[in-house]
Structures are given as C-alpha cells and as structure tokens.
Amino acid sequence: MVEIALGTALAAIGAGVAIGFAGLGSGLGQGMAAAGSVGAVAEDNDMFARGIIFSALPETQAIYGFLVAILLLVFSGLLGGGQGLPTEAGIVAIGVGASIGFAGLGSGMGQGMAAASSVGAIVEDNDMFARGIIFSALPETQAIYGFLIAILLMVFGGILG
Amino acid sequence: MADEIATLISSVGLTQETFLVFCIIAILVVGAVVVIITSRPILDIYPYLNPSARVRARKGRLFDEKQISEIVETNNIEEVENYLKGIPEYADVLDEYPLDKALDVERANTYGFVARLAPKDIKDPFVVMSKKADIDNIKSLLTAKEVGLTADETKELLIPCGSLYGDLESLADAENVTDIVTSLDNTEYAQALEDALPQYEDTKMILPLESALDKYYLGKLLRSTDVPSDENKQILYSYVGTQVDVANLKLIIRAKEDGLDYDAIAPYILEEGYQLREWKLKDLMESPDVTNVISGLEGTKYANALTDAMPVYNETGSVAVFEKALDVYTSEYSKSLASKKPLGIGPIIGYLSQKENEIKNLKIIARAKREADFPNSKIMEMLI
C-alpha cells in the first residue's frame, strides 16, 4: 500500500467534497434547466440555441469544484509526486472542499431553477431573454464566494505557495 | 500544530487511520443530510419543468388583445377563417373542417395535449377533461336522432376526437335515441344514461340524458382530484371545484329563470360541490327566483361577480349576464391560480384557461359575423 501522510489524505477528502457536492448541485441544476429547455425546443425549434445557453449556465459550479479539487490534489502531493501536506493543512483542505462544495451545491440548484423558469418565460415571450439571463446569473454569486474563499484558504492555509 | 493535532487524536484513543475513517463517515453523513434536504424541493418541481415549458410556449402563441381586435374588425366569416388560416395552431384544423368544427377539434386537441403531458400526480383530472369530447359527441348523436337527421348529417356534427369517436361514428345510422343509449352499454357512460332513459321515454325530451352526462362528467372531474396533499393538488382542486360550482350555479340560475322548483332542478345538480356544498345548493334551489339565488350567495366567492351583474340583469332581464359574469370570474380566478406555482401546475392551468377563453371568444365572433351588420362594439362587449 502507498504511504500517504494524514494531511494528504485529508486533502483528498477535501478534493472529493469539492467536486462531489459542487458537481451534485451543478448536475441537478443543469438537469432542471435542460428539462425545461427540451420542453421549449419540442414546441419551438428556434429555442435550441437559447436552451443550450441556459442549460450550460449551471455547469460553472462543477468547473469551480473541479479546479479546486485539482489544485488540492496537486499541492497535497497526490498528483505530481510533490511533498505531502502536514495534518493541519489537511484539515484546512477539508474546509476548502466544503467551501466550494456546498456553495456550488446551493448555487447550482438555484441557478437550475432560475434557468428552467427563464426558458419557460422566453419561449412564451422572446423579449424575456436578456432579463432571463440576468436572473439566472444571480445565483452564480454564491459559487463565486465559495470559490474565492476556497482559494484564500488554500493560499493562507499553507496549501498554495 | 501538527504535533498538537496528533496528540489530540491519540489522546482520545484513535489511530490516524481511525481518525480518517471518522472524517469520511462525518462527511458522508453531512452529505446525506444535505442531499436529502435539498433534493426534496427539486423532486417536487422536476416533473413540471418540461410540461411547463411546453404549455408556456403555446401560451405565448395565444391571441393577444390586438389580434382579437383585428379578428373582430373583419367584415365577414370568410375573413375570420382566412385570418385564422394564417395562424399555425388553427391552419391545420381549418384545412380539414369548417370553422365551428375546427374550433371544437382544436379545443379537444388542447385538452388531449395537456392530458398527455401532465405529470402523473395531477394527470387524472386532465384525462377526465379530455373525455369531454366523447360527451359532446354523445350529446350531438342524441340531438341528431331527436330531430331526425340522416346518418351523414349526424356524422357532420361529430368532433373527430376522443376515445369513442369510432364507435360513435358507427352509431350515426342508429334508429333512435334508445338504440344509441343501449349501444353505449359497454362504455363508462352506460349507467348514467340508462338511469335517465325512463325519464326520456316518459317525456321524449333528451334533456334528462344530456343532464345525466353533464352530472356524470362533473362528478368524475371532482372525484378525480384526490385529497389535496401538496400545493399543486390544492390549486388543481380549487380549479376543478370552481368549475363544478360554476356549472351548478349556471344550471340553478337558468332553472330559476324558467320558474322550476327544487324537485325539478335537484336531479340535475351535482350535490358534492366545492365551495357550494349540498346544504347551500339546496338553499339556492329552493329560492323563489333569480334575485334570491344571487342574494343567497352572499359570503361565497361568487357573490361579488354576480352582484355586480345584477343591475344589468334588472335592465335586460337576461340571465346571460350572470353566465358571462361567472365565465369572467372563472377566467380571472384561473389566472390568479396560474401565478401561484410558476414551477408547478400554474402554467398548465393558465394555458388551459386562456385557450378555453380564446376558443369561446372565436366562437362568439364567428356567430356574430354570420349575422348581417352585427356591430363590432357589441361583439367586444360579449367577449370574455
């Protein structure tokens, strides 16, 4: 069995939480947006491009989670064979994962609902596109906060740099 | 710091591996709780997302006020038809059928469409509504036989929709009303029709048969909405219940206008109303005249709409004003229900109600345009 330091193992849990929960939120959100978009496209073929845009919006949360997870894996020594992390940095890594994981979960779900609703509004009234995008982009902020805090935790928690 | 953590872990008697396992279990438990809590609202709205988008797409294609005005301002029925032929929703049906029949087909198709896409939890009432085409076809058959139309003329009256259309079309050459009723003995309408058959045979009027069908439909519609366990079902129950109440009210008002008493009206009323329960309906049926029926509704949600129509009734003496007031009330109420659950049943009810109004309005316009010099301003007043 490969010898892994406790800090590195904790960072691995952090990476799992980061992409796991952010991906869950993103997937649920994207599923909702896509379900609405499919309904819209079934009635109006011209909705395809706009449906794709709204369905893609909740993808960002998974991207943030994925980035944070990769950074954790690289800087904890699991990828690239670097030095292992001390235990306290490993605990910080769980915080990093929780930060983007839970923020991404809430943000993705919220964005999915807003996007699905916007698709319904646009297919009913074309002029709703710009306003739909604005409303759907609003829940992105929570994921950005989570992402920023995750980066700050990594920088000042001794994982990055 | 690392040493302090290692000491802390070992002081509670854990090895590093055990501590890791605890961390993983804690994360899994927290994750499971979060997933359960967050997935509940998702599961509630998920079945409605696709249907909502589909009905909203169709809702967006309904006529707006400007288009309705343009149709009203046409010069004759041919221009109305030509206008509608330019609208994709009506073009196909108008290619195959004359205007009135095309509108009936479009209405039946709308109910069929909603019944197909409605999520499982709320499907039953919409399936019942989609069977209205069968009931209308049976009524047309009965009317045709009563007035002695030929088989071809009878077939012209039937709407080519509904699950019984094939069977009903083959009944177009039935000898008489009794033959039609007995031929329908393998359908869900058999019992209702057979119960009303003796009354028909006594009076030779098909009214008891038609009323039996209406009563059967409304009863089935009301019973199809089971105990309202969530907000979507509560909204659906209000929508369906209001339709039942309005149908009962229209019947009572019309009967009172004709001077009928309780015994004559009671057989045609669905006793299990929504807001107008059995005792209230009994009170209304026992009222001496229309004015007392309206005043007897005080305290119910229908009171304001009907009281507002009272001066016009006093002026014209026509109960049609109450029927229009009830239609407008139903439409407004449905609109308010539609905005309550935008990621649920709301858009479905909104679309169905507005499409129903659109078809009713088109029928009003078509009827008016068949009459020479019917003023456009009068048509606008008649619209819902």
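Below or above, wherever it landed, is the structure these notes cover. All values derive from a computational prediction rather than experimental measurement. (Residues numbered from 1 in each chain as written. Chains lettered and ligands numbered in written order. Predicted model: local features only at pLDDT ≥ 70, side-chain atom pairs only at ≥ 80, totals over all residues. Heavy atoms only, no water.)

1. A short note on the interface of chain A and chain B
And step 1. Taken together, the contact pairs 31 residues of chain A with 30 residues of chain B.
And step 2. Around 2600 Å² of area is buried between chain A and chain B when both sides are counted, 75% of it from carbon and sulfur atoms.
And step 3. Summed over the shared surface of chain A and chain B, the result is 5 salt bridges.
And step 4. E43 of chain A is paired through a salt bridge with R58 of chain B; the nearest N and O atoms lie 2.8 Å apart.
And step 5. Where chain A meets chain B, there are 7 residue pairs in polar contact (both at pLDDT 80 or more).
And step 6. Put simply, the parts of the chain that give the side of chain A that touches chain B at least two residues each are helix 1 (6–43) and helix 4 (87–124) of chain A.
And step 7. The element that contributes the greatest number of residues to the side of chain A that touches chain B is helix 1 of chain A, accounting for 17 residues. (Contact = heavy atoms within 4.5 Å. Buried area = accessible area lost by both parts, 1.4 Å probe. Salt bridge = Lys/Arg side-chain N within 4 Å of Asp/Glu carboxyl O. Polar contact = N/O pair within 3.5 Å; in protein donor to acceptor, adjacent residues only side chain to side chain. Helix = DSSP H or I, 4+ residues; strand = E, 2+ residues; numbered from the N terminus.)

2. Points about the nonpolar core
Residues and elements named next belong to chain B.
And step 1. F126, M129, I138, L142, L209, L306 and F322 are the most contacted members of the largest nonpolar core, which has 81 residues in total.
And step 2. Here the element with the most residues in this core is helix 14 (residues 231–257); it accounts for 10 residues.
And step 3. Apart from residues lying up to four places away in sequence, L209 is in contact with L142, V177, V181, L193, A196, L197 and Y200.
And step 4. Counting residues in each nonpolar core, the second largest holds 28 residues, with L99, A133, I159 and I379 among its members. (Core = buried A, V, L, I, M, F, W, Y, C linked by side-chain atoms within 4.5 Å. Buried < 20%, exposed > 50% of the residue type's maximum accessible area, 1.4 Å probe, protein only.)

3. Structural notes on the environment of D283 of chain B
All names here are of chain B.
And step 1. Here D283 shows up in helix 16 (residues 278–286).
And step 2. The exposure class of D283 is partly exposed, given its relative accessible area of 41%.
And step 3. Separated by 262 residues in the primary sequence, D283 and V21 place their C-alpha atoms 72 Å from one another.

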